[in-house]
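Examination of the molecular architecture
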Amino acid sequence: MPKDQPVLDTSPKVSDEVRKTTCYMCACRCGINVHMKDGKVAYIEGNKDHPVNQGVLCAKGSAGIMQVNAPSRLKAPLKRVGPRGSGEFEEISWEEALTIATDWLKPVREKHPEKLAFFTGRDQSQSFTSLWAQGFGTPNYAAHGGFCSVNMAAAGIYTMGGAFWEFGQPDWDHTKMFVLFGVAEDHDSNPIKMGIGKIKARGARVVGVNPIRSGYNAVADDWFGITPGTDGLLIMALIHELFKAGKLDLDYLARFTNASCIVNEDPNSPDNGLLLRDGDGQPLVIDRNTGELAPWNGQGVEPDLRATHRHAGVTHRPVFHLMADRFLDVKYAPENVAAQTGIEASRIKRLAADMARVAFDEAIELDRPWTDFRGKKHDKMVGRPVSMHSMRGISAHSNGFQTCRALHTLQIILGAVETPGGMRFKPPYPKPATAHPKPHGKVTPGEALNGPHLGFTHGPDDLLLHDDGSAIRIDKAFTWENPLSSHGMMHMVIANAHAGDPYRIDTLFMYMANMSWNSSMNTTAVMDMLTDKDEETGEYVIPRIIYSDAYSSEMVAFADLILPDTTYLERHDCISLLDRPICEADAVADAIRWPVVEPDRDVRGFQSVLCDLGARLGLPGFVNEDGTQKYEDYADYITNHMRRPGVGPLAGWRMGDDGLTEGRGQPNDAQLDAYIKNGGFWMSHVPEEAAYYKPFNMAYQDWAVKMSFYDSPQPYIFTPYVEPLRRMQLAAEGHGAVQPPDHLRARITDTMDPLPMWYAPLSDELTDTSEYDVHALTQRPMAMYHSWGTQNAWLRQIHGVNPLYVPTKIWEKHGFADGDWAKVTSPSGVITVPVAHMAALNENTVWTWNAIGKRKGAWALDNDAPETTKGFLLNHLIHELLPEQADGMRWSNSDPITGQAAWFDLRVKIEKTAAPKGQQSQPAAAAQKAPVPKGPKDLTWKVGK
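This structure is a prediction, so every number in the text was calculated from the model and none was measured.

1. Focus on the overall build of the protein chain
Scanning the protein chain from N- to C-terminus turns up 23 helices and 35 strands. If one aligns the C-alpha atoms of the protein chain with their principal axes, the spans along those axes are about 85 × 80 × 75 Å. Among the 945 residues that make up the protein chain, the fraction classed as buried is 64%. The long-range share in the protein chain, meaning contacts at least 24 apart out of those at least 6 apart in sequence, stands at 70%. When the accessible surface of the protein chain is totalled, it reaches about 32900 Å², and 48% of it is carbon and sulfur.

Encoded structure:
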């Protein structure tokens with residue numbers, strides 16, 4: 001080196017201290033190392049020891065610095081002083097804020113608890129917030145799931161005890177073919193990127209099924225640009241081909257699914273279509289050893305897929321025979337679905353053949369003995385190395401539940417669930433639907449609700465209906481309109497409350513749910529509902545709105561009382577096994593967040609606020625026997641709450657008779673310190689002999705009891721034939737004491753088939769699809785997460801605006817050029833937006849990034865920020881309700897089974913138009929005032945020296 005070269009410090013000191021915690025820049029929950037200088041956050045990197053991300057960190061995670069220091073952070077509790085929606089507030093003390101909230105809520109609880117609607121957004125403390133709502137006594141509680149992917153979650157649990165992402169993952173170490181269907185790029189992104197990198201490095205094939213080729217699909221070896229809403233039709237065609245070719249894992253289907261269970265096929269029986277059962281209520285199979293009926297779980301029983309049972313002149317067949325009838329139907333042949341799906345028949349056949357080849361010709365075996373629940377010993381674990389993953393893309397349609405069930409059935413017939421190379425469940429899953437609670441809705445003034453709000457219905461008797469058939473819940477979840485709505489229907493709360501259908505409410509209490517903007521089906525209409533006044537009384541139709549958020553979002557302006565939350569690095573959080581844990585297939589794990597920095601504002605963590613408010617209201621579970629506050633704050637709750645004997649929010653470092661234990665145990669005052677010392681998480685590995693075949697593997701079942709997932713072993717079989725759906729159909733056919741209204745009977749019969757099937761999106765029947773001939777989708781950017789990321793100074797440089805991406809066919813048809821604008825019209829709205837050309841896109845589909853568009857005045861952004869001018873939302877084009885039926889009825893724009901919001905059924909028409917004045921996307925809401933000042937024009941960032 002020349003002597004005159006300067007000496008450079010190539011390893012400067014990054015920080016004075018490293019504090020390890022859990023990221024919350026998306027729902028992935030990665031482990032992070034937060035580097036501190038002079039008591040401030042200087043740098044965030046991934047934690048290499050963490051089970052979720054193993055040190056990998058995305059743009060969102062690194063940009064957490066800007067989130068914690070965002071100019072839009074709320075500073076103190078606020079009371080509205082101007083008209084609702086104006087954004088005019090005055091700061092008040094916490095004592096005044098909590099006194100106001102108590103004064104509003106106490107009389108509601110004493111007289112009509114159901115008049116409180118308490119709904120939360122993207123929080124991860126639903127076991128806690130639901131406990132608070134249950135203590136209050138309102139039936140009206142749910143979180144974000146009805147918006148997001150309840151079709152996927154519910155279909156997975158009803159069909160096999162779990163689904164993707166938080167329930168399960170591909171076997172990245174062994175899979176040879178990975179197929180993605182409509183995966184949102186911000187969900188579980190680091191593990192998926194890591195997994196794709198791992199499998200591509202060893203030559204495994206990646207297939208993407210998505211109308212849009214971006215992100216994961218851009219690195220796929222093969223891309224199927226499917227027509228939105230037809231994924232289920234493609235999947236049914238793949239199953240058709242596999243049945244036709246006999247490429248099925250028959251041994252797996254017989255032993256580990258209800259394909260071998262016998263169906264009552266007596267057309268005169270009130271149990272027609274249900275499974276035959278013994279005196280103990282166990283489904284029956286035909287035992288190959290004896291040729292006789294036997295319980296499915298009988299020791300030594302070998303279920304037979306072929307044999308039938310003849311009784312009283314009626315032949316009863318196994319489910320497998322019904323599956324063959326359904327899936328071999330010629331209407332599902334590739335030649336007959338190609339036009340609708342936009343996928344050539346030859347490509348469908350080739351994909352099915354590739355799946356079969358990998359599953360059966362490239363099967364793998366692990367030399368791991370294991371014993372199943374019937375007592376049969378197996379020398380090896382046989383793997384079908386085809387894995388799949390999916391999320392909102394196939395879920396957010398009105399046919400999404402059946403589509404998701406079809407996808408799980410495709411996995412099952414290949415024998416590719418819980419086998420090496422296929423999909424693996426993450427503890428504490430799998431859990432069948434019968435292991436979860438049923439929904440509860442009995443309201444008693446001044447008392448707690450009679451049980452958990454959300455759960456799984458198994459027949460008409462489980463629906464939440466008054467004696468007159470009206471809905472108990474304000475969102476109409478668990479009614480005949482949406483019987484299996486396991487996550488509730490958050491998108492219907494405001495619309496139903498405004499309409500007074502099924503009744504009026506007194507207070508809307510929301511947390512982290514931007515319902516006036518990008519978390520509502522129709523932004524303009526919802527803002528009108530929130531500000532609408534009763535013509536006779538002059539009072540707001542929704543009398544009171546309490547809202548908690550960390551930032552000055554669009555929703556803040558529509559609240560009457562603001563309880564300001566902290567940012568994620570300033571509070572305790574619990575990522576619990578009772579809720580949405582961070583487990584991996586080989587390990588059970590949970591985690592915490594803790595205040596690595598103290599707030600510099602008068603704000604409090606929302607969960608701690610609920611502890612205080614719950615005590616003021618005297619809610620069961622939040623007060624001691626003498627009426628004093630039970631939990632000082634959320635950290636106290638995390639440490640000392642007991643959900644049932646030996647089970648609390650965290651599973652690590654509990655106290656046993658002989659010292660520290662895990663899974664089960666008594667509270668430990670030093671538990672949070674132990675988590676912090678360990679990097680913010682706890683993990684325990686699944687025993688090797690229990691790693692696969694979890695629902696059927698007795699080693700896993702015994703370990704699950706030890707770890708507190710169950711109180712006793714609960715082996716079960718997968719259920720491609722879902723009996724609860726058949727029970728709903730039977731009621732629609734006139735059986736039983738609880739029956740649907742006449743106008744819903746046909747819809748229930750048509751959609752709630754116990755075997756997977758496909759029907760066109762419901763809105764297609766009520767829309768002129770020749771006029772509205774273009775599908776319109778939103779997609780979540782990998783570098784953003786809802787609204788939070790699009791205020792972030794670093795992330796805005798990646799996604800500052802969001803054009804409408806247009807495929808080549810439509811681009812050329814309308815003569816679009818760079819810089820042009822389009823008028824986009826749906827049956828319920830019009831927007832005018834900038835366009836951009838994208839060739840790698842289904843030819844009849846347009847799309848844009850979600851949540852980029854902002855309202856002027858929100859998020860401390862300048863009124864001329866690109867997010868407020870060229871940024872836009874498709875929400876203006878979507879309605880909460882479907883178009884009017886012939887009989888005048890308007891149904892929710894949702895899946896008729898689960899109530900999942902059908903965001904992706906949207907159809908539009910497009911025409912070229914002149915750029916609006918000032919190049920301002922339309923519609924443009926007027927600027928709202930905000931309780932925080934605008935952020936600086938220029939941002940420089942440096943901590944310490």
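2. Quick word on unusual backbone geometry
For the bond running from Pro 427 to Pro 428, omega is 10°, close enough to zero to count as cis. Within the fold, Pro 428 resides in the loop between strand E21 (423–425) and helix H14 (493–499). The omega angle of the peptide bond from Asp 501 to Pro 502 is 15°, so this bond is cis rather than trans. When you line up the elements, Pro 502 lands in the loop between H14 and strand E22 (507–511).

3. Some thoughts on the nonpolar core
Among the nonpolar cores identified, the biggest contains 169 residues, and Trp 132, Leu 508, Phe 509 and Leu 569 are the most heavily contacted of them. For this core, the element with the most residues is helix H3 (residues 94–111), which contributes seven residues.

4. Some thoughts on the environment of Ile 32
Relative to the elements of secondary structure, Ile 32 occurs in strand E2 (residues 31–37). In contact with Ile 32, other than residues within four places in its own chain, are Arg 19, Lys 20, Thr 21, Thr 22, Cys 23, Ile 44, Glu 45, Gly 46, Asn 47, Leu 57, Tyr 568 and Leu 569.

5. As for the sheet that holds E2
Reading across from one edge, E1-E2-E3 is the order of the three strands in this open sheet, with antiparallel pairing throughout. The sheet terminates laterally at strand E1 (17–22) and strand E3 (40–46), the two strands that pair on one side only. On average, each strand axis in the sheet is inclined to that of its neighbour by 30°, with strand direction left out of account.

6. A closer look at the pattern of salt bridges
Overall, the coordinates contain 53 salt bridges when judged by the stated rule. For the salt bridge of Arg 73 with Asp 600, the shortest nitrogen-to-oxygen distance reads 3.4 Å. A residue pair is termed long-range when its members are at least 10 positions apart, and Arg 73 in the loop between helix H2 (64–68) and strand E4 (78–80) and Asp 600 in the loop between strand E26 (587–593) and helix H16 (606–616) qualify at 527 residues. For Arg 73, a relative accessible area of 11% puts it in the buried group. Between Arg 544 and Asp 506 there is a salt bridge, and its shortest N-O distance comes to 2.8 Å. Of this pair, Arg 544 sits in strand E23 (residues 544–548) while Asp 506 is found in the loop between H14 and E22, placing the two residues 38 residues apart along the sequence.

7. Section: the sheet that holds strand E29 (residues 681–685)
The strand order across the open sheet formed by three strands is E25-E26-E29, and the pairing between neighbours is antiparallel. Since the sheet does not close on itself, it has two edges, and those belong to strand E25 (573–575) and E29, each with one partner. The mean inter-strand angle of the sheet, taken between neighbouring strand axes irrespective of direction, is 5°. The pairing of E25 with E26 spans three bridges and is antiparallel. Looking at E26, one finds that Ile 575 is bridged to Ala 591.

8. Considering the pairing of strand E30 (residues 774–779)
Side chains on a regular strand alternate between the two faces of the sheet. By the criterion of burial, E30 is predominantly enclosed, with six of the six residues buried. Across the two faces of E30 the burial is the same, with Val 774, Ala 776 and Thr 778 and His 775, Leu 777 and Gln 779 all buried. Relative to strand E35 (residues 907–913), E30 runs antiparallel, the two being bridged by two bridges. Its bridge partner being in E35, His 775 is matched across the sheet by Arg 907. As judged from the five bridges shared by E30 and strand E34 (residues 845–849), these two strands associate in the parallel manner.

9. Considerations on the packing of aromatic side chains
Within a pair of aromatic rings, the relevant descriptors are the distance that separates the centres and the angle that separates the planes. Taken as a whole, this structure holds 38 aromatic pairs when the rule is applied. Here the aromatic rings of Phe 243 and Phe 327 are separated by 5.4 Å at their centres, their planes lie at 50°, and the arrangement is tilted. One end of the pair, Phe 243, is in helix H7 (residues 231–245); the other, Phe 327, is in helix H9 (residues 319–327), with 84 residues separating them in the sequence. For the pair shown, Phe 243 and Phe 327 are each scored as buried.

10. Structural notes on the packing of helix H4 (residues 126–136) against H16
Where H4 meets H16, the axes come as close as 11 Å, and the angle between the chain directions of the two elements is 20°. As the angle between them shows, H4 and H16 are arranged roughly parallel. When you trace H4 past H16, the crossing you get is left-handed. Within the contact between the two elements, H4 uses Phe 128, Thr 129 and Trp 132 and H16 uses Phe 606, Gln 607, Leu 610, Cys 611, Leu 613 and Gly 614. Among the residues making up the contact of H4 with H16, the classes are represented as six nonpolar, three polar and no charged.

About the criteria used
- In this numbering scheme, every chain counts its residues from 1 along its sequence in written order.
- Confidence filtering applies because this is a predicted model: local features only for residues at pLDDT of at least 70, side-chain atom pairs given and counted only at 80 or more, and all residues used for totals across whole chains, interfaces and linings.
- Side-chain figures throughout are based on the complete set of non-hydrogen atoms in the structure, without hydrogens or water.
- Runs of H or I in DSSP of at least four residues are treated as helices and runs of E of at least two as strands, each being numbered from the N terminus.
- Three labels apply to residues, based on accessible area from a 1.4 Å probe with only protein chains included: buried if under 20% of the type maximum, exposed if over 50%, partly exposed otherwise in between.
- Note on definitions: a residue-residue contact is assigned when non-hydrogen atoms from the two residues lie within 4.5 Å.
- Only the protein chains shown count as cover for residues, and the accessible areas themselves come from Shrake-Rupley with a 1.4 Å probe.
- By convention a nonpolar core is built from buried Ala, Val, Leu, Ile, Met, Phe, Trp, Tyr and Cys residues, the set being connected through side-chain atoms within 4.5 Å.
- A pair of strands counts as paired when DSSP detects no fewer than two bridges linking them.
- For every element, the axis is a line fit to its C-alpha atoms; helices are fit only across the contacting stretch, and the angle between N-to-C directions ranges from 0 to 180 degrees.
- For this analysis, a salt bridge means a side-chain nitrogen from Lys or Arg found within 4 Å of a carboxyl oxygen belonging to Asp or Glu.
- The pairing test for Phe, Tyr and Trp rings, Trp by its six-membered ring, is centres within 6.5 Å, and the orientation test on the planes gives stacked under 30 degrees, edge-to-face over 60, and tilted for anything in between.
- Relative orientations are named as follows: roughly parallel for angles under 35 degrees, roughly antiparallel for angles over 145 degrees, roughly perpendicular for angles from 65 to 115 degrees, and oblique for any other angle.
- A clockwise turn of the near helix away from the far one marks a right-handed crossing, whereas an anticlockwise turn of less than a right angle marks a left-handed crossing.
- Amino acids are sorted into nonpolar (Ala, Val, Leu, Ile, Met, Phe, Trp, Tyr, Cys and Pro), charged (Asp, Glu, Lys and Arg) and polar (every other residue, Gly among them).

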